[in-house]
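# Per-entry structural report
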Amino acid sequence: MNLHKEETMKKGTLRFERKQTVSLSRKILNPVVFILLGFVFSSIFIIANGFQPIPVFGKMISYSLLNTKGFIGSINAALPLMFCGLSVAIAFKMNLNNIGAEGQFAMGAIVGGAFALYGPSLPAPLSGVVMFFLCALGGGLWALLAAALKAFWKVNETIVTLMLNYIALLFLDYLCYGPWMAPKQTTAMTVKIPENLFLPVINGTSSGLILAILIAVLLHLFLKYTAAGYQISVIKNSIGTAEYAGIPVKKYILIVLALSGALAGIAGFVQVTGIVHRVQAQLPGGSGYTGIVIAYLSQCNPLAIILVSVLFGALQNSSAVVQIMGVPSQIVTMLQGTLMISVIAGEFFNRYRITYCKAERSDYTAEPNDDMQEPKQRNVDNQEPKKGAVQ
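Keep in mind it's a predicted model, so treat the numbers as computed, not measured.

With that settled, the discussion passes to the overall build of the chain. Within the chain, the regular secondary structure consists of 14 helices and six strands. Here the chain holds 391 residues, and 43% of them are scored as buried. When contacts within the chain are restricted to residue pairs at least 6 apart in sequence, long-range pairs at least 24 apart make up 79% of them. Per element, the accessible surface of the chain, about 22,000 Å² overall, is 63% carbon and sulfur.

Right, dumping it as structure tokens:
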């Protein structure tokens, strides 16, 4: 092979390298930075509509978080978000993508609402407990459809849970526009449920907040301090390792997705018994999808989900006050979407770092055809004899 000295330069490239560890300070600081970037990006659209972003954001914060009446409204708006966020988070803890909290919310409200409207009359405490478990059962069974397909036939749970949303929401619309619709009503809703099923109100806030905090604490303890929680984390890190260790992966897929759906169904219970006191069309109102953002932003920490849900509840509650200022209410929806994208981007940069590979210099290149040439046969007759050789 003939090598020719020739200087060549390879271009530098950008590479994404996965980080082995992420510091706690970075985990906290990174989402904050990207949330601020989300607000900056949203400010561009607010300015484009002829408004100043600082007064708009100031009005939103002062009304929804610093005002007593507004803060109560923010808490009530956050309640279904808390349960939907917990629903998505428990599935993410095992690398399962439950995009169906919206439909599971609806099915929980349907099953529990059927009991409230047409079920037997029971004493007040017992009837509330029965409706609670029926709502959880409705959401859990709806998620179990996707869980069975995932566990036994390896069907992608993301697609199945997403498609099941449409079935559940359309079924809810059918009931509220049809057989369940209250007489002499112009909107798609049922009559009010019996008052003995109303959740108690504490200082203007639904007691569903206490239920949400209690479930979040229990879920945190379950994931961190139980053998089942440890096995779920092993499955998340490596299914192969879990199977080798004898952990029943299929069983946990069924359990975790059913639990995830049950939590979303409880969101239906809280919304019906604690907020609207009836079943109505489009009851989830996008809470299942917002729960995905909340779970990501909270790093799937059940306790952090409660706090982040209040933030998103405040965003929803402030849509009315910005309309009074003349700002389109869609700005709030856009802000939620911007925060979602910012959170996902922040999570990516938490896990990966960008490195620049410098240009490499190569001083030698080979002739392209040298390796393909066959060795030539020597012409012995024309060779001169070496000195000392016998003639």
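Relative to the helices and strands, proline 123 is located in the loop between helix 4 (101-118) and helix 5 (124-153). The exposure class assigned to proline 123 is exposed, which follows from its relative accessible area of 52%. Measuring from C-alpha to C-alpha, the distance between proline 123 and leucine 197 comes to 9.5 Å, with 74 residues separating the pair along the chain.

Across all of its chains, the model carries one salt bridge by this definition. In this structure, the salt-bridge partner of glutamate 157 is lysine 150, at a minimum N-O distance of 3.3 Å.

Attention shifts here to helix 8 (residues 227-237). Considered for burial, the residues of helix 8 that qualify are Gly229, Ile232, Val234 and Ile235. On the buried face of helix 8, the contacting elements are helix 7 (208-225), helix 9 (239-244) and helix 10 (249-276).

How each quantity is defined
Along each chain, numbering runs from 1 in the same order as the chain's sequence is written. Totals for whole chains, interfaces and linings use every residue, but because this is a predicted model, local features are given only for residues with pLDDT of at least 70 and side-chain atom pairs only at 80 or more, for both listing and counting. The basis for the side-chain values is all heavy atoms of the structure; hydrogens and waters are excluded. We count a stretch as a helix when DSSP gives it H or I for four or more residues in a row; a strand needs E for two or more, and each element gets its number in order from the N terminus. Throughout, exposure labels follow a simple rule: accessible area from a 1.4 Å probe, protein chains only, divided by the maximum for the residue type, with under 20% read as buried, over 50% as exposed, and the rest as partly exposed. Contacts were defined at the residue level, with two residues in contact if any of their heavy atoms lie within 4.5 Å. Residue exposure ignores everything except the shown protein chains as possible cover, and the areas themselves are Shrake-Rupley values with a 1.4 Å probe. When a carboxyl oxygen of Asp or Glu is within 4 Å of a side-chain nitrogen of Lys or Arg, the pair counts as a salt bridge.

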